[in-house]
Amino acid sequence: MAFGSAEKAWLKTLSKYRQPSPRRSLFELLVSAIPFAFFWLSAWAAVHYGYWIGLILIIPAAGFLLRLFMIQHDCGHGSFFGRRRFDDWTGRAIGILTLTPYDYWRRAHAEHHASAGNLDERGMGDITTLTVSEYRALSGWGRFGYRLYRHPLIMFGIGPAWVFLIKQRLPIGMMRSGSLPWVSTMATNAVVATISVLLIWSLGVVPFLIVHLPIVLLAGAAGIWLFYIQHQFEETHWSKPPEWQFAHAAIHGSSHYVLPLPLRWITGNIGIHHVHHLSSKVPFYRLPEVLRDHPELSDMGRITIMDSLRAVKLVLWDEARQRLISFRDERLGRI
């Protein structure tokens with residue numbers, strides 16, 4: 001598929017939205033961090049004084065932690081304050097709350113952006129997606145393992161615990177990528193351990209685990225869901241070079257996840273993912289400006305919440321039909 005001039009033109013069009021506002025960025029940081037602290041402390045107070053109904057406050061706390069992760073995400077792209085030093089140290093500080101080593105994650109995520117939709121460059125920062133032919137070439141145990149991995153209970157239930165509590169404690173996949181991923185991961189681990197010990201000493205181990213662990217896991221599950229559905233929808237795009245081209249893959253391989261306004265706000269407009277992939281330097285709070293000024297982008301890759309729920313069953317890339325299909329579709333295709 002040719003790299004169209006219209007797609008090239010979007011790169012130039014979006015360049016004027018790349019400049020962040022330091023005041024707006026600081027405001028977004030404060031309206032995310034302060035409510036998170038408030039709901040976290042309120043949930044702990046409810047547990048401490050025996051008002052167990054107060055544990056419901058874990059839900060908004062997880063929402064604001066998710067929003068903080070979206071700010072960390074923008075920092076990784078250098079788009080939040082627009083100054084690398086400020087972005088990096090803001091991202092590192094938030095990474096302590098999200099249990100996500102910033103420099104390790106930033107490098108993995110950059111590889112994802114550079115190769116999203118490229119069938120020859122799968123693996124780093126991606127949800128593992130096999131083609132139909134690759135799946136059929138697996139052994140029986142291999143197929144069972146892939147089906148287990150793609151099961152929603154594993155992906156969104158066990159997955160967040162694995163990623164945020166275990167996987168990100170070591171720079172897996174970057175053992176030979178220099179010292180920075182190691183330093184970032186070990187420093188984050190050390191600070192997280194120190195703060196955890198202090199909180200457990202002052203608040204108690206049971207209240208700490210009852211409050212903080214569910215918040216992290218709920219926020220992590222929501223984050224994994226958003227990352228998953230932004231690329232795992234029926235009409236997404238995958239191809240191999242030379243057909244694969246960055247701009248085309250960005251626009252057509254990433255979704256526009258249409259969410260209600262409160263969810264758009266708490267998720268940092270990450271649903272406008274096709275625009276983000278096309279120009280990752282656009283701050284998250286300016287993404288709605290892009291759709292407002294260029295409404296034709298609103299219909300590209302558009303999926304609703306119901307569409308996203310139906311898309312969970314789509315697990316294999318059918319190169320012949322150029323779309324994601326389900327295990328059932330693959331089975332019927334062999335009959």
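Here, every reference points to the structure presented above.
Here's what I pulled together on the structure shown here. Treat the numbers as computed from the prediction; the structure is a model and nothing was measured. (Residues numbered from 1 in each chain as written. Predicted model: local features only at pLDDT ≥ 70, side-chain atom pairs only at ≥ 80, totals over all residues. Heavy atoms only, no water.)

Examined bridge by bridge, strand β4 (residues 314-318) and strand β5 (residues 323-326) share 4 bridges and lie antiparallel to one another. From the neighbouring strand, W317 faces β5, where its bridge partner is L324. Linkage of β4 to β5, two consecutive antiparallel strands, is achieved through a turn of 4 residues, within which Q322 is found at a positive phi near 55°. (Pairing = 2+ DSSP bridges. Helix = DSSP H or I, 4+ residues; strand = E, 2+ residues; numbered from the N terminus.)

Let us now look at unusual backbone geometry. Here the residue pair P241 and P242 is connected by a cis peptide bond, since its omega of 5° sits within 30 degrees of zero. Inspection of the secondary structure assignment puts P242 in the loop between α10 (205-229) and α11 (246-253). The phi dihedral of Q322 falls on the positive side, at around 55°, and the residue is not glycine. Relative to the elements of secondary structure, Q322 occurs in the loop between β4 and β5.

What follows concerns the side chain of S254. Turning to its location among the elements, S254 is positioned in the loop between α11 and β2 (256-257). On the accessibility criterion, S254 (1% relative accessible area) is buried. At a separation of 3.3 Å, a polar atom in the side chain of S254 contacts the main-chain carbonyl oxygen of A250. Discounting chain neighbours no more than four positions away, the residues touching S254 are Q230, H231, F233, A249, H273, H274, H277 and G301. (Buried < 20%, exposed > 50% of the residue type's maximum accessible area, 1.4 Å probe, protein only. Polar contact = N/O pair within 3.5 Å; in protein donor to acceptor, adjacent residues only side chain to side chain. Contact = heavy atoms within 4.5 Å.)

Turning our eyes to something else, we now look at the packing of aromatic side chains. Across all of its chains, the model carries 15 aromatic pairs by this definition. Measuring from centroid to centroid gives 5.2 Å for F38 and F39, while their planes differ by 70°, and the two rings are edge-to-face. The class of F39 is buried, set by a relative accessible area of 18%. The lysine or arginine in question, R92, covers the ring of W89, its NZ or CZ lying 4.5 Å from the ring centre. (Phe/Tyr/Trp six-rings, centres within 6.5 Å; stacked < 30°, edge-to-face > 60°. Lys NZ or Arg CZ within 6 Å of the ring centre and 35° of its normal.)

Moving on: the pattern of salt bridges. Evaluation of the coordinates by the stated rule reveals 12 salt bridges. Of the charged contacts, one joins R24 and E28 as a salt bridge, the two residues approaching to 2.6 Å between their closest N and O atoms. Of the two residues, R24 and E28 are both situated in helix α2 (residues 22-48); the distance of 4 residues between them amounts to about one turn of the helix. E28 sits in the buried class, given a relative accessible area of 3%. Here D88 makes a salt bridge to R84, at a shortest N to O gap of 2.9 Å. With D88 and R84 both in helix α4 (residues 84-98), this residue pair falls 4 residues apart, about one helical turn. By relative accessible area, which is 35% here, R84 ends up partly exposed. Ionic contacts of the salt-bridge type, sharing partners, join the residues R24, E28 and R67 into one network. (Salt bridge = Lys/Arg side-chain N within 4 Å of Asp/Glu carboxyl O.)

What follows concerns the nonpolar core. W40, F80 and I215 are the most contacted members of the largest nonpolar core, which totals 55 residues. For this core, the elements supplying multiple residues, two or more each, are α2, α3 (58-76), α5 (102-115), α8 (152-166), α9 (180-203), α10 and β4. For this core, the element with the most residues is α3, which contributes 11 residues. Once residues within four sequence positions are removed from consideration, W40 is found in contact with A61, L199, L203, F208, V211, H212 and I215. Core analysis: the second largest hydrophobic core is formed by 14 residues, W10, A250, I251 and V282 among them. (Core = buried A, V, L, I, M, F, W, Y, C linked by side-chain atoms within 4.5 Å.)

Interpretation in functional terms is not warranted from these geometric data alone.
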